Amino acid sequence: SQKIEQNSEALNIQEGKTATLTCNYTNYSPAYLQWYRQDPGRGPVFLLLIRENEKEKRKERLKVTFDTTLKQSLFHITASQPADSATYLCAPRAYNTDKLIFGTGTRLQVFP
Amino acid sequence: DTAVSQTPKYLVTQMGNDKSIKCEQNLGHDTMYWYKQDSKKFLKIMFSYNNKELIINETVPNRFSPKSPDKAHLNLHINSLELGDSAVYFCASSHSAGTAEAFFGQGTRLTVV
């Protein structure tokens, strides 16, 4: 069955460092992969997506990589800030699909 | 204007009761979803509707019945509530074509006592 796994333990890092979150998937051939952020008490919010033919995508301090051979995406936040503290969810998807399934999520805590 | 709104935000009820959660989106999307997020924070898909038609039902007990009167609304009715139904329920919507991002409501925290 399809499985999407993210670091289950919280990631604690110091302000200013780079946070790296991992998303691994099995029994899946996504055409693209989305990343979302969820704050406590709120719904997830879309951050960015990367397509299968893209190796890397950047948006401000965020960088995402996508390795379809390893079946893995890495999500980096450079120069992290306490305001980046949240849970981050990945969602590999096929094109034109009504199915949106999320990974288990990784909680990031950035300390001043 | 809120893009995806769900009501109520909090719902406390006794076991055995029937309750409904409403969801509306004003984004013109053709696909809507219901998710359940339990205490371990895993966001699990329950249902997906496209243009008022049920597309995905992820082995949800038939006590849960979604209803889509039009493509802007997807309500969730739950019969005979059980303790294990306590969770946060999220409604979401997206376009079905291309690489559509999903927009989520603020969630409904359901507590069954």
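Computed from a prediction, not measured in an experiment: that's the story for all the values here.

(A) Highlighting the overall build of chain A. Looking only at helices and strands, chain A has 0 helices and 10 strands in total. Secondary structure elements of chain A occur, N-terminal to C-terminal, as β-β-β-β-β-β-β-β-β-β. Since a compact globule built from 112 residues should have a radius of gyration of about 13 Å, the 13 Å found for chain A is in line with a globular shape. Counting only C-alpha atoms and orienting by the principal axes, one finds that chain A spans roughly 40 × 30 × 20 Å. Within chain A, the fraction of its 112 residues that count as buried is 48%. Of all intrachain contacts in chain A linking residues separated by at least 6 positions in sequence, the fraction that spans at least 24 positions is 55%. About 5,700 Å² of surface is accessible on chain A, with carbon and sulfur atoms providing 46% of the total. Treating the 15 positive side-chain charges of chain A as one cloud and the 11 negative ones as another, the clouds have centres 1 Å apart.

(B) Focus on unusual backbone geometry. Omega for the bond connecting Thr7(B) with Pro8(B) falls within 30 degrees of zero, at 0 degrees, which places this linkage in the cis form. Look at Asn27(A): it is not a glycine, yet its phi comes out positive at around 55 degrees. Among the residues examined, Asn27(A) registers a relative accessible area of 52% and is labelled exposed. Although it is not a glycine, Ser80(B) adopts a positive phi angle of roughly 45 degrees. In this fold, Ser80(B) is placed in the loop between strand 8 (73-78) and strand 9 (87-94).

(C) Structural view of the sheet that holds strand 6 (residues 56-59) of chain A. Residue and element names in this part refer to chain A. One open sheet holds the 5 strands; their spatial order is 1-3-8-7-6, and the pairing between them is antiparallel. Across the chains shown, the open sheet's two edge strands, defined by having one partner strand only, are strand 1 (3-6) and strand 6. On average, each strand axis in the sheet is inclined to that of its neighbour by 15 degrees, with strand direction left out of account. By the bridge criterion, 6 bridges tie strand 7 (residues 62-67) to strand 8 (residues 72-77) in an arrangement that is antiparallel. Looking at the pairing, Val 64 lines up with Phe 75 of strand 8.

(D) Up close: the interface of chain A and chain B. Each side of the interface is counted separately: chain A has 23 residues, and chain B has 25 residues. Where chain A abuts chain B, roughly 1,800 Å² becomes buried across the two surfaces, and 53% of that area is made up of carbon and sulfur atoms. Among the residues of chain A in contact with chain B, Asp98(A), Leu100(A) and Phe102(A) are the three that bury the most area, contributing 31% of the side total. Here chain A and chain B share 0 salt bridges between them.

Here is what the cut-offs are and how they apply
- Residues numbered from 1 in each chain as written.
- Chains lettered and ligands numbered in written order.
- Predicted model: local features only at pLDDT ≥ 70, side-chain atom pairs only at ≥ 80, totals over all residues.
- Heavy atoms only, no water.
- Helix = DSSP H or I, 4+ residues; strand = E, 2+ residues; numbered from the N terminus.
- Rg over C-alpha atoms; globule rule 2.2 N^0.38 Å.
- Buried < 20%, exposed > 50% of the residue type's maximum accessible area, 1.4 Å probe, protein only.
- Contact = heavy atoms within 4.5 Å.
- Areas by Shrake-Rupley, 256 points an atom, 1.4 Å probe, with all protein chains shown as cover.
- Lys, Arg positive; Asp, Glu negative; His and termini not counted.
- Charge placed at Lys NZ, Arg CZ, Asp CG, Glu CD.
- Pairing = 2+ DSSP bridges.
- Axes fitted to C-alpha atoms, helices over the stretch in contact; angles between N-to-C directions.
- Buried area = accessible area lost by both parts, 1.4 Å probe.
- Salt bridge = Lys/Arg side-chain N within 4 Å of Asp/Glu carboxyl O.

Nothing here speaks to function; it is geometry throughout.
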